[in-house]
Every structure is written in C-alpha cells, then in structure tokens.
Amino acid sequence: YQLAADAYRQMIDLAAVPALELEARSQLAEIEARQGRLQEARDQFAVLARDFPETAIGERAALRIAELHQEAGALAAARAAYDRFLSDYTNGARVASALYNRGLVAYQQYLFDEALADFEAVLSRFPDSAVAGDAAYMRVCGAFESYNDARAVRLAREFLANRPQSTWVPQVRFRLGEQAFNAGHYEEAEQEFEAVAAHEPRDASAGDALFWAARAAAARKQFQRAVGYDDRLVSQFPDHPKADEALYYQGESLVELGDYPAALARFEAVVRRQPDTFLGFAARGRRGDCQFTLGAEDPARFEEAIRSYREIAEDPKAP
C-alpha cells in the first residue's frame, strides 16, 4: 500500500492529466481505508465529494463515505450518509447500490419496513442492476422478519420462480422450511429442507437442512425417514454442530420404531461425546430407559438400567 501511495502522490505532483489526478486522490483515500484509517479516508472522500460533486469521482466518494460508516458498524451515521447521497444523486450510476446498502442498514437496525421499501425500490427502478438479485433475497428476509408470513411466503415463492439459478435459492428454501415447521406444516417443511440438502449436498447448510428435515419427519411420526435424515447428517457432516443432537434424536426415533438395541447404541455414543452436558445427561437417562425395556427379555439389563439411573442421581453436575 505504501508503494502504491507513493506512486499516486507522484502522479498528483506531476498534475499532467487532471482526470488522473482526481483518480489518484480517490485511490489514496482507498488506501487509507484499507489500512484501517477510516476517519482519514472519510475526510479525503469528503473533500472530493464537496469539490467535485458533478464528476463520477465525486459521486463515488460520496458513496464511499456511507459505505465506510457501514463497514465500521456506525449504522446511524451510515444511514444519514446514504440519505444525503440519494438526495444529491437521484439518477446516478451508483443509486442502486446506495438504495440496497441503505436497506441493509435499516435491516440491521430492525427497521424492516424501511428496509423492504429500499429493496423494493431497487427491484422496481433497477431490475437489471448487479444488486437486484441480492435485493430480491433481502426482500424475502425482511418480510419474514416483519412477521408477515403470508407476504413472506408469497415473495419467497416469487423469488424461486423468477430466480431459479440464484445462489440464494437454498437460503430461501430454508426460510420457507422454517416458516412451514413453525406453522405445524411438517410435510411441507420436510420437503423444503430436503430440497436444500439436495441443492447443497456438500455445504454446511445441508447439515442444518437434514437436521430439520428429520425433526419435521419425526413430528409426522415418519420415524424411519427421520432416522435416515439424521444418519445422513452424522455420516456426511460428523463435525457439524448438531451432529450429536442428531444422534440423540435418532435414538428417540429408533425407540419409537421399537429398535431398542440400535437406540441404545446412539445414546451411548452421545454419552461418550458429550459426557457432562445437558444432552449427555439426557442420553444417560434414555440409555437407562432402553436398558430397562430390554430387561423384559434379559433381566441382566435391569442392573444396567439401575447403574445408568444411579449414575445420574449421584452426579452433582446433573441437571
């Protein structure tokens, strides 16, 4: 960066080509930003925006001031800067980006109606812009966050119909799955989560989708399907944050299917992997339940069950 800055300063000293001099000054401000000197960068951009408002460099500088506030997490300052930019540049080349970013700021401030208005403006005024696809996705997110499920589902379905190749498709389907699950529409939820897992089979989001597909299937008493989803999660993503929880729930589904030896193996695995957690203690209790049930045919299992229950009862860390 220092070498680049020296070269730009030499260009400014030469002052041979005014347009290049302006570009060099803009790049010097960018170097300040990349080196973490955000206030210095904003100050330099402010001078360019003030002195050359009619140029592309001035327009870009005005936008960068807002973006740097946003990157620093100064959301109120960022929103005010975007307001000023959009007031000064009503038809500029960067208006779509400014609208989209102001929508993101409003979203982060939990002002979902304001965010939706900006995303809508991007889509209506700049449907072919580089940020239109992202704005369509964030419009879906904003609708879900504003607790208007009917509107959110409509916008999500519209997104999937109009943008089937978008990289946001799995996230939109996951949102639809969550909404359906929370509404008790478990078959629909399972289908959406399964579609996410199929779309992104190697991505961590597939693990999340498999976990919730299993929960949706179990809620419908489709325990064999639930076992299958949990098995895929554990085998494909052994280090996934929900892998141990999936093992536990897989054990619960196997209990419902009457396969107590297989369920016992799952609970044992959870105890080994999470010995002193709430999940581990719950697995110890369910291990005891399986051993007790198996005691009907093998009385020695009753002694195992007693040890499992006593292990919990005598452990001061057990909830």
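Note: the structure precedes this text.
Just so it is clear, the structure is predicted and the values come from calculations on it, not from any experiment.

(A) Inspection of the packing of helix α7 (residues 112-125) against helix α8 (residues 132-145) at higher detail. At their nearest, the axes of α7 and α8 sit 9 Å apart, and the two run at 155° to each other. With respect to α8, the element α7 is oriented roughly antiparallel. Viewed along their axes, α7 and α8 form a crossing whose handedness is left-handed. Touching Phe-112, Leu-116, Phe-119, Glu-120, Val-122 and Leu-123 of α7 are Ala-132, Ala-135, Ala-136, Met-138, Arg-139, Gly-142, Ala-143 and Glu-145, all from α8. Of the residues that constitute the contact of α7 with α8, the class distribution is 10 nonpolar, 1 polar and 3 charged.

(B) Inspection of a nonpolar patch on the surface at higher detail. Where nonpolar side chains cluster on the molecular surface, the patch consists of Met-11, Val-17 and Leu-20 and spans about 230 Å² of accessible area. On the secondary structure map, Leu-20 appears in helix α2 (residues 18-34).

(C) How the structure looks around the nonpolar core. Membership of the largest hydrophobic core comes to 55 residues, with the highest contact counts inside it found for Phe-45, Tyr-100, Met-138 and Phe-159. Not counting residues within four places of it along the chain, the set of residues in contact with Tyr-100 comprises Phe-119, Val-122, Val-131, Asp-134, Ala-135 and Met-138. Within the second largest apolar cluster, 37 residues are counted, among which are Phe-174, Ala-226, Tyr-248 and Ala-269.

(D) Region of interest: the environment of Leu-28. With respect to the helices and strands, Leu-28 occurs in helix α2. Judged by its relative accessible area of 12%, Leu-28 falls in the buried class. When the C-alpha atoms of Leu-28 and Ala-4 are compared, they prove to be 8.3 Å apart, with 24 residues separating the residues in sequence.

(E) Seen up close, the pattern of salt bridges. In total, this model carries 31 salt bridges according to the counting rule given. Note that Asp-315 is salt-bridged to Arg-284, the shortest N-O span being 3.6 Å. Here Asp-315 is found in the segment after α17 (300-313), whereas its partner Arg-284 is found in helix α16 (residues 278-294), with 31 residues between them in sequence. Take Asp-315 and Arg-284: they sit in the same class, and that class is buried. In this structure, a network of salt bridges that share partners links the residues Glu-268, Asp-276, Arg-284, Arg-287, Glu-311, Asp-315 and Lys-317.

About the criteria used
- Residues numbered from 1 in each chain as written.
- Predicted model: local features only at pLDDT ≥ 70, side-chain atom pairs only at ≥ 80, totals over all residues.
- Heavy atoms only, no water.
- Axes fitted to C-alpha atoms, helices over the stretch in contact; angles between N-to-C directions.
- Helix = DSSP H or I, 4+ residues; strand = E, 2+ residues; numbered from the N terminus.
- Parallel < 35°, antiparallel > 145°, perpendicular 65-115°, else oblique.
- Left-handed = near helix turned anticlockwise from the far one by under 90°.
- Contact = heavy atoms within 4.5 Å.
- Nonpolar A, V, L, I, M, F, W, Y, C, P; charged D, E, K, R; others polar.
- Patch = residues over 30% accessible without salt bridge, like charges linked within 9 Å, V, L, I, M, F, W, Y side chains within 5 Å.
- Areas by Shrake-Rupley, 256 points an atom, 1.4 Å probe, with all protein chains shown as cover.
- Salt bridge = Lys/Arg side-chain N within 4 Å of Asp/Glu carboxyl O.
- Core = buried A, V, L, I, M, F, W, Y, C linked by side-chain atoms within 4.5 Å.
- Buried < 20%, exposed > 50% of the residue type's maximum accessible area, 1.4 Å probe, protein only.

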